[in-house]
Amino acid sequence: FERGADRLVVRVFGAKGSFYRTPADFFAGPAATTMGREAPKRGAAPVDGRILALYQRRFPLLENGPHESSAARPRMGAESFCVLEPFKDGRFIVLSHQRESPVADPGRIGEKAWEAFLRGVRFLPVKTNMGRKS
């Protein structure tokens, strides 16, 4: 889902060759930190009957060209995310809502979509043979 400055994102990590092999690696990396600072917990949300911790981080918005520099502080977007428990094979899923604007949305359209999305997430059993014949 993407609408204006809001985006819902589903990412899978932990597979062979993944940048983040474990949830601990993810929490220590740039995808979960605010310019190196740990993401604080910002509540909890029900996801398929389980209560998961919600975290929040901020990230610099890319407003200028990649080769331009500025002494001004970057404008920051915000991301709320939760990490699902790893599967037996080590893969884990990160669900997030990103707001690529420093301005809050008075109608909370993205936040409402995020809350509805989390309510609709369902865990499915993992097939270990990945479609290969045994």
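As shown above, the structure is provided for reference.
Residues numbered from 1 in each chain as written. Predicted model: local features only at pLDDT ≥ 70, side-chain atom pairs only at ≥ 80, totals over all residues. Heavy atoms only, no water.

Draft legend 1. Examining the packing of aromatic side chains more closely. If you walk through the whole model with that rule in mind, you get 11 aromatic pairs. Judged by centre distance (4.8 Å) and plane angle (65°), the ring pair of Phe 27 and Tyr 55 falls under edge-to-face. Linking Phe 27 in helix 1 (residues 23-28) with Tyr 55 in strand 4 (residues 50-60), this pair joins segments that are 28 residues apart in sequence. Under the relative-accessibility criterion, Phe 27 is labelled partly exposed at 27%. With a relative accessible area of 16%, Tyr 55 lands in the buried category. (Phe/Tyr/Trp six-rings, centres within 6.5 Å; stacked < 30°, edge-to-face > 60°. Helix = DSSP H or I, 4+ residues; strand = E, 2+ residues; numbered from the N terminus. Buried < 20%, exposed > 50% of the residue type's maximum accessible area, 1.4 Å probe, protein only.)

Draft legend 2. Main features of the pairing of strand 2 (residues 6-13). Looking at chain direction, strand 1 (residues 2-3) and strand 2 are connected through two bridges and run antiparallel. In the sheet register, Arg 3 faces strand 2, and the bridge partner there is Asp 6. With eight bridges connecting them, strand 2 and strand 6 (residues 92-99) associate as antiparallel partners. Residue Val 10 lies in a different strand from strand 6, and its bridge partner there is Leu 95. (Pairing = 2+ DSSP bridges.)

Draft legend 3. Highlighting unusual backbone geometry. Located in the positive-phi region is Asp 48, a residue other than glycine, with phi close to 50°. By secondary structure assignment, the location of Asp 48 is in the loop between strand 3 (41-47) and strand 4. A relative accessible area of 27% means that Asp 48 is categorised as partly exposed.

Draft legend 4. Spatial organisation of the pattern of salt bridges. Scanning all chains against the criterion turns up eight salt bridges. Ionic pairing is found between Arg 7 and Glu 2, a salt bridge with its closest N-O pair at 3.0 Å. With a shortest N-O distance of 2.6 Å, Asp 89 and Arg 91 are connected by a salt bridge. Judged by its relative accessible area of 43%, Asp 89 is partly exposed. Owing to a relative accessible area of 21%, Arg 91 belongs among the partly exposed residues under this scheme. Overlapping salt bridges bring together Glu 2, Arg 7 and Glu 100 as one network. (Salt bridge = Lys/Arg side-chain N within 4 Å of Asp/Glu carboxyl O.)

Draft legend 5. Expanded view of the nonpolar core. Leu 54, Cys 82, Leu 84, Leu 95, Trp 114 and Leu 118 are the most contacted members of the largest nonpolar core, which has 13 residues in total. Of all the secondary-structure elements, those providing two or more residues to this core are strand 3, strand 4, strand 6 and helix 2 (109-120). Looking at which element gives the most residues to this core, the answer is helix 2, with three residues. Setting aside anything within four residues of it in sequence, one finds Leu 84 in contact with Leu 52, Phe 92, Ile 93, Leu 95 and Phe 123. Counting 11 residues, the second-largest nonpolar core is a separate cluster that includes Phe 26, Ala 31, Ala 39 and Val 83. (Core = buried A, V, L, I, M, F, W, Y, C linked by side-chain atoms within 4.5 Å. Contact = heavy atoms within 4.5 Å.)

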